[in-house]
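Coordinates in review
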Amino acid sequence: MVKIAIFASGSGTNFDNIMKRVESGELAHIEVTALYTDQPEASCIQLAQQHGIPVHAFEPRTFDDKAAYETAVLNGLKHEGVEWIVLAGYMRLIGETLLSAYEGRILNIHPSLLPKYKGKNAVGQALNSGDKESGSTVHYVDAGMDTGQIIEQRTCPIYEDDTQQSLEERIKSLEYELYPAVIKKIIR
Ligand code: GRF
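Residues numbered from 1 in each chain as written. Predicted model: local features only at pLDDT ≥ 70, side-chain atom pairs only at ≥ 80, totals over all residues. Heavy atoms only, no water.

1. Focus: the site of the ligand
Worth spelling out the cut-off: Definition of nearness: a residue and a molecule or strand are near each other if at least one heavy atom of the residue lies within 4 Å of the molecule or strand. Pairs of N or O atoms within 3.5 Å make up the polar contacts considered here, provided that, within protein, one atom can donate a hydrogen while the other can accept it, and that residues adjacent in sequence are counted only when both atoms are side-chain atoms. Using the Shrake-Rupley algorithm and a 1.4 Å probe, accessible areas are obtained, with residue cover drawn only from the displayed protein chains. The method works on a 1 Å grid over the protein atoms by themselves. A cavity is a set of points holding a 1.4 Å probe that cannot get out, a pocket is an open set with protein on both sides within 12 Å along at least five of seven lines, and residues with an atom within 4 Å of a point line them. To decide whether a molecule occupies a pocket or cavity, check its atoms: if more than half lie within 2 Å of the grid points, it is inside. Following the grouping adopted for this structure description, the nonpolar residues are Ala, Val, Leu, Ile, Met, Phe, Trp, Tyr, Cys and Pro, the charged ones are Asp, Glu, Lys and Arg, and the polar ones are all others, Gly among them.
All residues in the neighbourhood of the ligand are listed as Ser11, Gly12, Thr13, Asn14, Gly89, Ile109, His110, Pro111, Lys172 and Glu175. Between the ligand and the protein, one listed contact pairs an oxygen atom with a backbone N or O atom of Gly12 at 2.8 Å. Within the side chain of Lys172, an N or O atom sits 2.6 Å from an oxygen atom of the ligand. Against a free-state accessible area of 370 Å², the protein chains account for coverage of 86% of the ligand. More than half of the atoms of the ligand fall within 2 Å of the grid points belonging to the largest pocket. Partitioning the shell around the ligand into residue classes produces two nonpolar, six polar and two charged.

2. A closer look at the domain arrangement of the protein
Many analyses report the size of an interface as the accessible area lost when the parts associate. For clarity, the threshold we go by: Domain start and stop positions are those given by an automatic or database domain assignment. Only heavy atoms enter the contact rule, under which two residues are in contact if any of them lie within 4.5 Å. Buried area adds together the accessible area that both of two parts lose upon being put together, with accessible area traced by a 1.4 Å probe. The salt bridge criterion pairs a side-chain nitrogen of Lys or Arg with a carboxyl oxygen of Asp or Glu, the two atoms within 4 Å. Secondary structure elements are taken from DSSP: a helix is a run of H or I of four residues or more, a strand is a run of E of two residues or more, and numbering for both begins at the N terminus.
Structurally, the protein comprises domain 1 (1-103) and domain 2 (109-175). Listed as interface residues are nine residues of domain 1 and, on the opposing side, 10 residues of domain 2. In total, about 750 Å² of surface goes out of reach between domain 1 and domain 2, with carbon and sulfur atoms giving 61% of it. Considering only the surface of domain 1 that becomes buried against domain 2, Asn14, Leu93 and Leu99 emerge as the three largest contributors, covering 50% of it. At the boundary of domain 1 and domain 2, one finds zero salt bridges. Where the side of domain 1 that touches domain 2 is concerned, the elements lending two or more residues are α1 (13-23) and β4 (84-87). Its residues assigned to classes, the side of domain 1 that touches domain 2 shows six nonpolar, three polar and no charged.

3. Considerations on the UniProt feature "active site" (unreviewed entry) in the protein
Put simply, the rule reads: UniProt positions are given in the numbering used here, feature names are shortened, and annotations may be inferred rather than shown by experiment.
UniProt's feature table lists "active site" (unreviewed entry) at His110, given in the numbering used throughout. By secondary structure assignment, the location of His110 is in strand β5 (residues 106-110). Each residue touching His110, except ones within four places of it in the same chain, is listed here: Tyr117, Lys118, Gly119, Ala122, Gly135, Ser136, Thr137, His139, Asp146 and Glu175.

4. Brief notes about the layout of surface pockets
Let me state the cut-off plainly: Grid points are joined across faces, edges and corners, and a volume is the space filled by probe spheres set on the points.
In this structure, the largest pocket occupies an estimated 820 Å³ of space. What lines the largest pocket is a set of 34 residues, and nearest its centre among them are Gly89, Tyr90, Met91, His110 and Pro111. Of all the secondary structure elements, the ones that give two or more residues to the lining of the largest pocket are α1, β5, α5 (122-129) and α6 (164-186). With five residues, α6 is the single largest residue contributor to the lining of the largest pocket. In terms of domain composition, the lining of the largest pocket takes at least three residues from each of domain 1 (1-103) and domain 2 (109-175).

Next comes the structure, spelled out in structure tokens:
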């Protein structure tokens, strides 16, 4: 078994999907020790409870600085014997404390065909670009925003009548296949 922690800040549908794949045996070699969130009100917390997964909710602003926040997170990860960190809608840059402890063992999923449309509202950026195609990327995490080495991408069309919501849904349905597939391949 490889122990991973999932980090999320919002709705947590990718987290939920990964949990379902673990429970179904498709990711039988993965144990999710806990959900880590920086948003104590986020709805990913209820999903974790439904899956019987412990939650570590932190309020970064209550710490002196990013290093102090990440040291608290790191203590939890070490205590649980976490080997890999899987970011799934975690809306915060990973700092030096976590990067140096988990170098090469942090994954992220981003809703664009990187290196296009890094950062926030990648779906809106693609929609406004006139591009005919978008998709999702899983990459290793480094100190930059969505800049780490790309592992795998899936593409989908952008239609003329797409809205933010319709494109977001199409990309998420790709992500629900892409992320478990990459986790299966990369995390061993
Ligand atoms: C996903 O589209 C992912 O690519 C991005 O944030 C979104 C998270 O969605 N990093 P959810 O919380 O998993 O529904």
